[in-house]
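An overview of the molecular structure
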Amino acid sequence: MKFLNWMPVLVLTGVLASCTGPKERLVWSEEFSGTTLDETYWNFELGDGCPDLCGWGNNEPQHYTKTNHELVDGQLHIKINKEDSLYTSTRITTENKFDFKYGRVEARAKLPVGKGIWPAIWMLGANHREVGWPACGEIDILEYVGREPHMVFTSLHTPDSHGETINTKKTRIDNIEEGFHVYEAEWTEEKIAFSVDGEVLYTFNPTPKNKETWPFGQPFYLIVNSAIGGKFGGYDIDDSVLPQEFIIDYIRVYQ
């Protein structure tokens, strides 16, 4: 099920789009049904980021491919592997295919584990190719780094921090590596609140709000990937844990 175009009730691929409350409506959903990723809504970002952003900005060694994923029983499996001396993974985005301004993003996912593993579900401002990063803003709904077990990172990047991760919260959740969990960001004109399994972990509500502190008054698009190593993932990569899988059950956007 994809973009719902504000219809009151619509059934696609066996899923009912319905209101979750009097002021909230499901407007877009990816249930990962079928056998191939729907490229009507998703782009593959391939390679190592060169020449524009080698190492994807963080000295990451992985190459993204179109073959390190599969859809199984309504879930997206991103495969993180080492093939000979090459680390491989998948990175997909909805850039120029689906973006939105304000709402609640909900994703249900199961994390990969091990030193060097860095899965993420995040968003960039749709104007990032015009204004660059961090002027476009970044909303990190979920980041997990295997070198810090049991920790979930929820962060934002803004021009006033020069892109540094100062607007952030690191939360210990002892069972985060076990099974599936629901990761959310509720984004309004005034604030962005991050939750895991319904518990609010961090709320960002800066004063004053201007283009330096709040580049979030514009449409954003979605990104899903699992990086390996680098400045944030850590240079001490434990090859013995590979292969790993980052499994995403669904991603839903409510407004």
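To keep things clear, this report deals only with the structure shown in the data block. (Residues numbered from 1 in each chain as written. Predicted model: local features only at pLDDT ≥ 70, side-chain atom pairs only at ≥ 80, totals over all residues. Heavy atoms only, no water.)

As for the overall build of the chain
Where we set the bar: Strands here mean DSSP runs of E at least two residues long; helices mean DSSP runs of H or I at least four residues long; both are numbered from the N terminus. Our radius of gyration is a C-alpha quantity, and the globule rule it is checked against amounts to 2.2 Å times the number of residues to the power 0.38. Only protein chains enter the calculation, and the probe is 1.4 Å; a residue is then buried if its accessible area is under 20% of its type maximum, exposed if over 50%, and partly exposed in between. Contact definition: two residues touch when any of their heavy atoms are within 4.5 Å. Surface accessibility in these figures is a Shrake-Rupley result with a 1.4 Å probe; residues are shielded only by whichever protein chains are displayed. Counted charges follow a simple rule, with Lys and Arg positive, Asp and Glu negative, and His plus the chain ends left uncounted. Every charge is mapped onto a representative atom, which is NZ of Lys, CZ of Arg, CG of Asp or CD of Glu.
Helix and strand counts for the chain come out as 2 helices and 21 strands. Over its C-alpha atoms the chain spans a radius of gyration of 17 Å, differing by no more than 12% from the 18 Å that the globule rule assigns to 255 residues. Seen through its principal axes, the chain has C-alpha atoms that stretch 50 × 45 × 40 Å. Each of the 255 residues in the chain was classed as buried or not, and the buried ones make up 55%. For the chain, the share of sequence-separated contacts (at least 6 apart) that also reach a separation of at least 24 residues comes to 68%. As displayed, the chain offers around 11,500 Å² of accessible surface, 50% of which is attributable to carbon and sulfur atoms. Looking at the chain, you have 23 positive and 38 negative side-chain charges, and the mean spots of the two groups are 3 Å apart.

Things to note about the pairing of strand 4 (residues 24–30)
Selection criterion: What makes two strands pair is DSSP finding at least two bridges between them.
Along strand 4, 5 of the 7 residues are buried, which leaves the element largely enclosed by surrounding structure. Alignment of strand 4 against strand 21 (residues 244–254), held across 4 bridges, turns out to be antiparallel. Looking at the pairing, Ser 29 lines up with Arg 252 of strand 21.

Looking at the nonpolar core
Going by this rule: Only buried residues count toward a nonpolar core, which is a set of Ala, Val, Leu, Ile, Met, Phe, Trp, Tyr and Cys residues joined through side-chain atoms within 4.5 Å.
Counting residues in each nonpolar core, the largest one holds 52 residues, and the members touching the most others are Ile 139, Phe 246 and Ile 251. When residues no more than four places from it in sequence are discounted, the contact partners of Ile 139 are Trp 122, Met 123, Ser 155, Leu 156, Trp 187, Ile 192, Phe 194, Phe 216 and Phe 220.

Some words on the pattern of salt bridges
What counts here: When a carboxyl oxygen of Asp or Glu is within 4 Å of a side-chain nitrogen of Lys or Arg, the pair counts as a salt bridge.
Applying the stated criterion across every chain, the model contains 16 salt bridges. Where Arg 129 meets Glu 45, a salt bridge forms, and the shortest distance between an N and an O atom there is 4.0 Å. Here the residue Arg 129 occupies a position in helix 1 (residues 128–131), and Glu 45 occupies one in the loop between strand 5 (43–44) and strand 6 (63–64), the gap between them amounting to 84 residues. Since its relative accessible area comes to 57%, Arg 129 is described here as exposed. Sharing partners across several salt bridges, the network here consists of Glu 24, Arg 104, Glu 106 and Glu 184.

What to know about unusual backbone geometry
Along the chain, Cys 50 connects to Pro 51 via a cis peptide bond; the corresponding omega equals 5°. Following the sequence through the fold, Pro 51 ends up in the loop between strand 5 and strand 6. Despite not being glycine, Trp 56 shows a phi value in the positive range, around 50°. The phi torsion at Asp 197 lies on the positive side, around 50°, for a residue other than glycine. Secondary-structure assignment places Asp 197 in the loop between strand 18 (192–196) and strand 19 (199–204).

Regarding the layout of surface pockets
Note the following rule: Lining residues are defined by having an atom within 4 Å of a point belonging to a cavity or pocket. Those points lie on a 1 Å grid over the protein atoms alone, cavities being sets where a 1.4 Å probe fits but cannot get out and pockets being open sets with protein on both sides within 12 Å along at least five of seven lines. Grid points are joined across faces, edges and corners, and a volume is the space filled by probe spheres set on the points. The classification used treats Ala, Val, Leu, Ile, Met, Phe, Trp, Tyr, Cys and Pro as nonpolar, Asp, Glu, Lys and Arg as charged, and all other residues, Gly among them, as polar.
The space that makes up the largest pocket amounts to roughly 1,000 Å³. Elements with a minimum of two residues in the lining of the largest pocket: strand 10 (91–93), strand 13 (117–125), helix 1, strand 14 (138–143), strand 15 (151–157), strand 20 (220–228) and helix 2 (230–233). Classifying every residue of the lining of the largest pocket by side-chain character gives 16 nonpolar, 11 polar and 10 charged.

Topic: the side chain of His 69
Heads up, the condition is: Pairs of N or O atoms within 3.5 Å make up the polar contacts considered here, provided that, within protein, one atom can donate a hydrogen while the other can accept it, and that residues adjacent in sequence are counted only when both atoms are side-chain atoms.
Residue position: His 69 is located in strand 7 (residues 69–72). A distance of 3.3 Å separates a polar atom in the side chain of His 69 from the backbone oxygen of Lys 66. Ignoring anything within four residues of it in the chain, the contact list for His 69 reads Leu 37, Phe 44, Leu 76, His 77, Ile 78 and Thr 90.

With respect to the packing of aromatic side chains
As a reminder of what qualifies: Aromatic contacts are taken between Phe, Tyr and Trp rings whose centres are within 6.5 Å, Trp giving its six-membered ring; a plane angle under 30 degrees counts as stacked, one over 60 as edge-to-face, and the others as tilted. Here, a charge over a ring is recorded when the distance from Lys NZ or Arg CZ to the ring centre is within 6 Å and its angle to the ring normal is within 35 degrees.
Applying the stated criterion across every chain, the model contains 16 aromatic pairs. A centroid spacing of 6.2 Å and a plane angle of 90° characterise the contact between Phe 204 and Phe 216, whose relative ring orientation is edge-to-face. Taken together, the residues span a long stretch of sequence, with Phe 204 in strand 19 and Phe 216 in the loop between strand 19 and strand 20 at a distance of 12 residues. For the pair Phe 204 and Phe 216, a shared accessibility class is recorded, and that class is buried. Centroid distance Trp 214 to Phe 216: 5.2 Å. Interplanar angle 80°. Geometry classified as edge-to-face. Across the pair, exposure class does not vary: Trp 214 and Phe 216 are buried alike. Three or more aromatic residues joined by ring pairs form one cluster here, namely Trp 28, Phe 32, Tyr 41, Trp 42, Phe 98, Phe 100, Tyr 102, Trp 187, Phe 204, Trp 214, Phe 216 and Phe 220. One residue, Lys 209, lies across the ring of Trp 214, its end atom 5.3 Å from the ring centre.

Here's the deal with the environment of Arg 172
Take Arg 172: it is sitting in strand 16 (residues 167–172). Measuring from C-alpha to C-alpha, the distance between Arg 172 and Phe 216 comes to 27 Å, with 44 residues separating the pair along the chain. Here the side chain of Arg 172 touches Asp 174 through a polar contact of 2.6 Å, side chain to side chain.

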